[in-house]
Amino acid sequence: EDNAALLSIPSVHDETLAPEGHAVLHIYTPATERYSRWEKVDRQSKEYENLKHERSQFLWSVLEKIIPDIRQRAKLVQVGTPLTHQRFLRRHRGSYGPAIKADEGSFPFPKTPIDGLLLCGDSCFP
């Protein structure tokens with residue numbers, strides 16, 4: 001737990017995702033956040049806000065190794081939780097992202113064999 005983080009910068013691929021001079025950074029822990037920690041917490045409670053803050057500190061510490069003043073430079077911060085993923089992405093027990101075996105490939109990209117049909121969602125990249 002708290003031993004890996006994935007960082008992507010989707011605005012590198014699509015500059016319309018952020019205002020000029022800014023970027024979108026997306027960082028998350030891949031499959032290491034226990035759902036049991038969240039499942040009985042009320043999303044409207046102070047406990048939920050405190051847990052979100054507490055659990056985001058690892059990600060901030062990773063970002064600060066790359067961009068030391070990231071907290072001061074961030075213009076908008078959104079912290080998602082397994083409850084967020086369950087609610088908005090309809091993911092079972094708040095899972096997130098594609099299931100990829102290290103020896104079998106990389107992130108799936110949105111292109112399909114059908115011209116004009118693209119995949120979307122948290123299981124494709126970017």
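Residues numbered from 1 in each chain as written. Predicted model: local features only at pLDDT ≥ 70, side-chain atom pairs only at ≥ 80, totals over all residues. Heavy atoms only, no water.

1. A few points about helix 1 (residues 46-66)
- When the terminal C-alpha atoms of helix 1 are compared, their 31 Å separation across 21 residues agrees well with the 30 Å that a helix rising 1.5 Å per residue should span.
- The principal kink in helix 1, of about 35 degrees, is found at glutamine 57.
- When we look at burial in helix 1, the residues that qualify are Tyr48, Leu51, Lys52, Arg55, Ser56, Phe58, Leu59, Trp60 and Leu63. (Helix = DSSP H or I, 4+ residues; strand = E, 2+ residues; numbered from the N terminus. Expected span 1.5 Å × (residues − 1). Bend = angle between axes of the 7 residues up to and from the residue. Buried < 20%, exposed > 50% of the residue type's maximum accessible area, 1.4 Å probe, protein only.)

2. A look at a nonpolar patch on the surface
- Taken together, the side chains of Leu7, Ile9, Val12, Leu25 and Ile66 make up a nonpolar region of the molecular surface, amounting to roughly 430 Å² of accessible area.
- Topologically, leucine 7 is positioned in strand 1 (residues 6-8). (Patch = residues over 30% accessible without salt bridge, like charges linked within 9 Å, V, L, I, M, F, W, Y side chains within 5 Å. Areas by Shrake-Rupley, 256 points an atom, 1.4 Å probe, with all protein chains shown as cover. Salt bridge = Lys/Arg side-chain N within 4 Å of Asp/Glu carboxyl O.)

3. What about the environment of serine 61?
- You can see serine 61 is positioned in helix 1.
- Through-space distance from the C-alpha of serine 61 to that of aspartate 103 is 29 Å; in sequence the pair is 42 residues apart.
- Only 2.6 Å separates the side chain of serine 61 from the backbone oxygen of phenylalanine 58, close enough to count as a polar contact. (Polar contact = N/O pair within 3.5 Å; in protein donor to acceptor, adjacent residues only side chain to side chain.)

4. Describing the side chain of threonine 29
- Tracing the chain through its elements places threonine 29 in the loop between strand 2 (26-28) and helix 1.
- For threonine 29, a relative accessible area of 19% translates into the label buried.
- Each residue touching threonine 29, except ones within four places of it in the same chain, is listed here: Ala4, Phe58 and Leu59. (Contact = heavy atoms within 4.5 Å.)

5. Description of the confidence of the model for the chain
- Looking at the chain as a whole, its pLDDT mean stands at 88, while 91% of the residues score no less than 70.
- Across the chain, the element-wise mean pLDDT spans from 88 in strand 1 up to 97 in helix 2 (residues 70-73). (pLDDT = per-residue confidence, 0-100.)

6. Remarks on the environment of proline 110
- Mapping proline 110 onto the fold places it in the segment after helix 3 (82-88).
- On the accessibility criterion, proline 110 (23% relative accessible area) is partly exposed.
- With eleven residues separating them along the chain, proline 110 and glycine 121 place their C-alpha atoms 9.0 Å apart.

7. Structural notes on the pattern of salt bridges
- With the rule as written, the count across this model stands at six salt bridges.
- Where arginine 55 meets glutamate 33, a salt bridge forms, and the shortest distance between an N and an O atom there is 2.7 Å. Here arginine 55 is found in helix 1, whereas its partner glutamate 33 is found in the loop between strand 2 and helix 1, with 22 residues between them in sequence.
- Judged by relative accessible area, glutamate 33 falls into the partly exposed class, the value being 22%.
- A salt bridge links arginine 73 to aspartate 69, with the shortest nitrogen-to-oxygen separation between them at 3.5 Å.
- Under the relative-accessibility criterion, aspartate 69 is labelled partly exposed at 34%.
- In the salt-bridge network here, residues are joined through shared partners; they are Glu33, Arg37 and Arg55.

8. A closer look at unusual backbone geometry
- With a phi close to 60 degrees, arginine 90 is a non-glycine residue in the positive phi region.
- Within the fold, arginine 90 resides in the segment after helix 3.
- Even without being a glycine, arginine 93 presents a positive backbone phi close to 55 degrees.
- Relative to the helices and strands, arginine 93 is located in the segment after helix 3.

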